[in-house]
Each structure stands twice: as C-alpha cells, then as structure tokens.
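Spelled out from the first residue to the last, the chains are:
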Amino acid sequence: MEKRLFYLSISILLIGNLGCNPTKHIGENEYLLHKVKFIVEGEVDREEIGAIIKQQPNRKLLGISRFHLGVYNLFDREKLNLKIEKKEKKLLAKNKRRITKNKEPKVYAPTFEERILDIVAEEPVIYDKILTDKSTKNIKQFMINNGFFNCNSRDSVSIKGKKATVYYFVDANEPYKIYKISYRCYDTDVKLHIDTISKERLIKPADLFNTDILEEERERISLEMKDRGFYYFNKEYVYMEVDSNLNKHKLNIKIITKNSITNKDSVAKESKHYDYRLNNIYVYLNQNPKNINLNHSNQDTLLYKGCYYIYDDKLPFRPEVLEKNIFIKKGDLYRLGNVSDTYRRLS
C-alpha cells in the first residue's frame, strides 16, 4: 500500500512539474547548463566525444521535460532542512528514554520529501568554465589518441537569461594510419616466442593509429609470454616506438621487448628473461586464502599424483575428484592459462 502511494505521488509530481521554472534555484552569476552541442568536421564519432565531456545537462524524460530537475525544484530546501532537524531532535530525545528502559533505539526514517529527493530528484547542473576547458582538452587528447594528430578543438558558450549552451568545435583533419610494423628483441629466447605471438597481433598495417589498441597489444604479449613459462614477464617490458615522420599521414610502429631488470645493491642490472617450471604443488582445502598457514606441521597432508593436499581433520573431497580439475603438474612449464583454469575449477 505504501509503495502504491509512493508511486502515485511520483505521478502527481510528474504532472505538476511540467510548468516549473528549471532555473528556480539558480544563484546569482550562475547559469543552468541548458544544452551541449558538437560541431564536428571529419570522421569522428560524436557519441564517443560526448562520453568524455565533464558536464552534461540535466536528464530529460521522454526527451521533453527535465522531470528530475523539476522534482528537485518543487521543494523548499530551507523548510525541509528545518523539518529534518526537528525530526532528528525528536528521535534523539525518544531514544534517550528508550535506552533508560533498556530498549533498542529507533533508526531514523527518512521523510517522504527526503525519499523523493534521494530517488527521483536531480540537482541543477551549473555551467562551469573550468570543466568546459577540461572537456576541450579531453577532446584534443582523445583525438590524438585515435590518430588525429593534427586536429583542432575549441569551445564557446552562449548565455540567454539564466541558461547556458556550450558548443564544442572539432576539426579532425586527416588521421594517421599504420604503415609498417616491426619488432626488436634484446633477448634471443624471447624473440623465438615473439615471432609466434606476432601472428595474432591486434594491430595491422592500414589500421588507424589507436593508443588503446596499442595498450591492449602490450597486455596481450605479456599474457602470451606468461603462458609460455615466463612467470615474471609483464607489459612494462614491452613498449611501442612510433615514427610519424613519414609523408601522407602514415607512421611506423616498432614493438620493442626489453631485457629483465634486477636491482642488486641499489644498482639496476639488465639480464635475460627466464622461463620457469613448476615444482611442488599444494592445494589448501577449507582455508581462507588470505590466512593460509604455510607451516603444515599442525595440518594433515595427503600426496596424490604429485599434488599435496593440505586439510584439517578430514579430507572434504576425494583426491581423484580434485585431480580431474587440476591442470598443472610438477615439472610442467608454467602456463598462466592452466593456472587460471585450475583456480576457476577449484573455486
């Protein structure tokens, strides 16, 4: 019944809010962000640009009314704050009496207005020049990250009454495309794997330059190397050298794999990458992964087909059942995929 009344009230507010002034609570020297418009020249997705803007106008219901803003404007905040303060004082006095009678204190229940404001209302979005400037810089960086190195972006604002309309101008110009991809490996063992890994690379000649895809390629190479035994290999050992000093908006990319870096006596030293094989395998049963006791003296241990099963009192599962879900074996080359599959099957 209470829920029905709540939604009935929302419906009444929807009807009553249609004629409300959206700038009702806008202060002096403030302007409601009324619209954001994009004037774009070039092959650019307006939705992607819109997603990185720091300020968007208040939402519209059915593309017509800023209902959520209208609900916010229906309430007098000063009166509501006084009402809440009065209710809190009353509850505090009541709970003091309950505590003296050894009764549980009551929890504050939001007023109807508070519930409406919390669930439905939306504060007015006030035009902010600083955020607009940041948005323009974000657009510029976004364009560069997507190969539009020679793009231009700027903004302007139109003020009418208490409303502001912000315009973003984007001139994309011609984007840069990948012309040639090459590799450099300082470690001969790694190079053998890179030659195979490169066949499935995410970047190809004639693709638009895109920093996100380059980052994904670094991550992919790292995971592929971990799946070939290189336990300590990570994407920080892979970097991209971009040469854009070519004509006709083309660029070359060189994918470089660096040697391992070790620190000894505060001195950084380069060394080759090593692959690793698995030694003993321990499976901890009925234990919190954050509090695993690596000292097994107070626990029961069962060795079954090369795996040590650590448990308390009673083995919760038959070892032959567990063994079917373990895809790593002592002596195997470390492979991240097999380790991940084992975790997934045993979790």
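The notes below deal with the structure included here.

Quick notes on the rules
Residues numbered from 1 in each chain as written. Predicted model: local features only at pLDDT ≥ 70, side-chain atom pairs only at ≥ 80, totals over all residues. Heavy atoms only, no water. Patch = residues over 30% accessible without salt bridge, like charges linked within 9 Å, V, L, I, M, F, W, Y side chains within 5 Å. Areas by Shrake-Rupley, 256 points an atom, 1.4 Å probe, with all protein chains shown as cover. Salt bridge = Lys/Arg side-chain N within 4 Å of Asp/Glu carboxyl O. Lys, Arg positive; Asp, Glu negative; His and termini not counted. Charge placed at Lys NZ, Arg CZ, Asp CG, Glu CD. Helix = DSSP H or I, 4+ residues; strand = E, 2+ residues; numbered from the N terminus. Pairing = 2+ DSSP bridges. Axes fitted to C-alpha atoms, helices over the stretch in contact; angles between N-to-C directions. Phe/Tyr/Trp six-rings, centres within 6.5 Å; stacked < 30°, edge-to-face > 60°. Buried < 20%, exposed > 50% of the residue type's maximum accessible area, 1.4 Å probe, protein only. Lys NZ or Arg CZ within 6 Å of the ring centre and 35° of its normal. Core = buried A, V, L, I, M, F, W, Y, C linked by side-chain atoms within 4.5 Å. 1 Å grid on protein atoms, 1.4 Å probe; cavity = no way out; pocket = protein on both sides within 12 Å on 5 of 7 lines; lining within 4 Å. Points joined across faces, edges and corners; volume = space filled by probe spheres on them. Nonpolar A, V, L, I, M, F, W, Y, C, P; charged D, E, K, R; others polar. Parallel < 35°, antiparallel > 145°, perpendicular 65-115°, else oblique. Left-handed = near helix turned anticlockwise from the far one by under 90°. Contact = heavy atoms within 4.5 Å.

## A word on a positive patch on the surface
A cluster of like positive charges, contributed by Lys86, Lys90, Lys94, Arg97, Lys101, Lys103 and Lys106, occupies part of the molecular surface. Note on placement: Lys86 falls in helix H4 (residues 77–100).

## Quick notes on the sheet that holds strand S4 (residues 177–185)
Sheet strands pair by backbone hydrogen bonding; their relative direction is either parallel or antiparallel. Within the open sheet, the 3 strands sit side by side as S4-S6-S5. Their pairing is mixed. Pairing within the sheet leaves two strands with one partner each, and these edge strands are S4 and strand S5 (238–243). Taking the axes of each pair of neighbouring strands and ignoring which way they run, one obtains an average angle of 20° across the sheet. Judged from the 6 bridges that link them, S5 and strand S6 (residues 250–257) form a sheet pairing that is antiparallel.

## Thoughts on the packing of aromatic side chains
With the rule as written, the count across this model stands at 9 aromatic pairs. Plain terms: the ring middles of Tyr231 and Tyr232 are 4.9 Å apart, the flat faces sit at 90° to each other, and that makes the pair edge-to-face. Overall, Tyr231 belongs to the partly exposed group, its relative accessible area being 39%. Residues Phe233 and Tyr237 carry aromatic rings whose centres are separated by 5.6 Å and whose planes lie at 45° to one another, so their mutual orientation is tilted. Judged by relative accessible area, which is 13%, Tyr237 ranks as buried. An aromatic cluster is present here, built from Tyr231, Tyr232, Tyr276 and Tyr334 joined pairwise through their rings. It is Lys87 that lies over the ring of Tyr108; its NZ or CZ is 5.2 Å from the centre. In this arrangement the basic side chain of Lys226 is found over the ring face of Tyr231, its NZ or CZ atom lying 5.9 Å from the centre.

## Examining the sheet that holds strand S2 (residues 152–160)
Strand order in this open sheet of 3 strands is S1-S3-S2, and the pairing throughout is mixed. The open sheet has two edge strands with one neighbour each: strand S1 (32–41) and S2. The sheet shows a mean angle of 15° between the axes of neighbouring strands, direction not considered. Where S2 meets strand S3 (residues 163–171), 9 bridges bridge the pair, whose relative direction is antiparallel. Across the sheet, the residue bridging to Ser158 is Thr165, located in S3.

## A short note on a nonpolar patch on the surface
On the surface, Tyr231, Tyr232, Tyr274 and Tyr276 cluster together to form a nonpolar patch covering roughly 470 Å² of accessible area. Structurally, Tyr276 is set in the loop between strand S8 (267–271) and strand S9 (281–284). Relative accessible area serves as the criterion here: at 36%, Tyr276 is assigned to the partly exposed category.

## Comments concerning the nonpolar core
Of all hydrophobic cores here, the largest spans 20 residues; its most connected members are Ile194, Ile203, Ile221, Met225, Ile253 and Ile255. At the level of secondary structure, the elements contributing two or more residues to this core comprise S4, helix H7 (188–197), helix H8 (211–226), S5 and S6. Grouped together as the second largest cluster of nonpolar side chains are 18 residues, Val36, Ile53, Met143 and Val170 included.

## Considering the pairing of S6
With 6 of its 8 residues buried, S6 lies for the most part within the structure. Note that S4 and S6 share 8 bridges and pair parallel. Counted as the bridge partner of Ile181 is Ile253 from S6.

## With respect to empty space enclosed by the protein
Unoccupied space between atoms shows up once a probe the size of one water molecule is rolled over them. All chains considered together, the criterion is met by 1 cavity of 30 Å³ or more. Reported here for the largest cavity is a volume of approximately 30 Å³. Around the largest cavity, the lining residues are Leu278, Phe327, Ile328, Lys329, Asp332, Leu333, Arg335 and Asn338. Its residues assigned to classes, the lining of the largest cavity comprises 4 nonpolar, 1 polar and 3 charged.

## Examining the packing of H7 against H8
Between H7 and H8, the shortest axis-to-axis distance is 11 Å and the interhelical angle comes to 120°. One way to sum up the angle between H7 and H8 is to call them oblique. In the crossing of H7 with H8, the sense of the turn from one axis to the other is right-handed. Residue-level inspection shows Val190, His193, Ile194 and Ile197 of H7 in contact with H8, the latter providing Arg220, Ile221, Glu224 and Met225. Each residue belonging to the contact of H7 with H8 can be placed in one class, and the counts come to 5 nonpolar, 1 polar and 2 charged.

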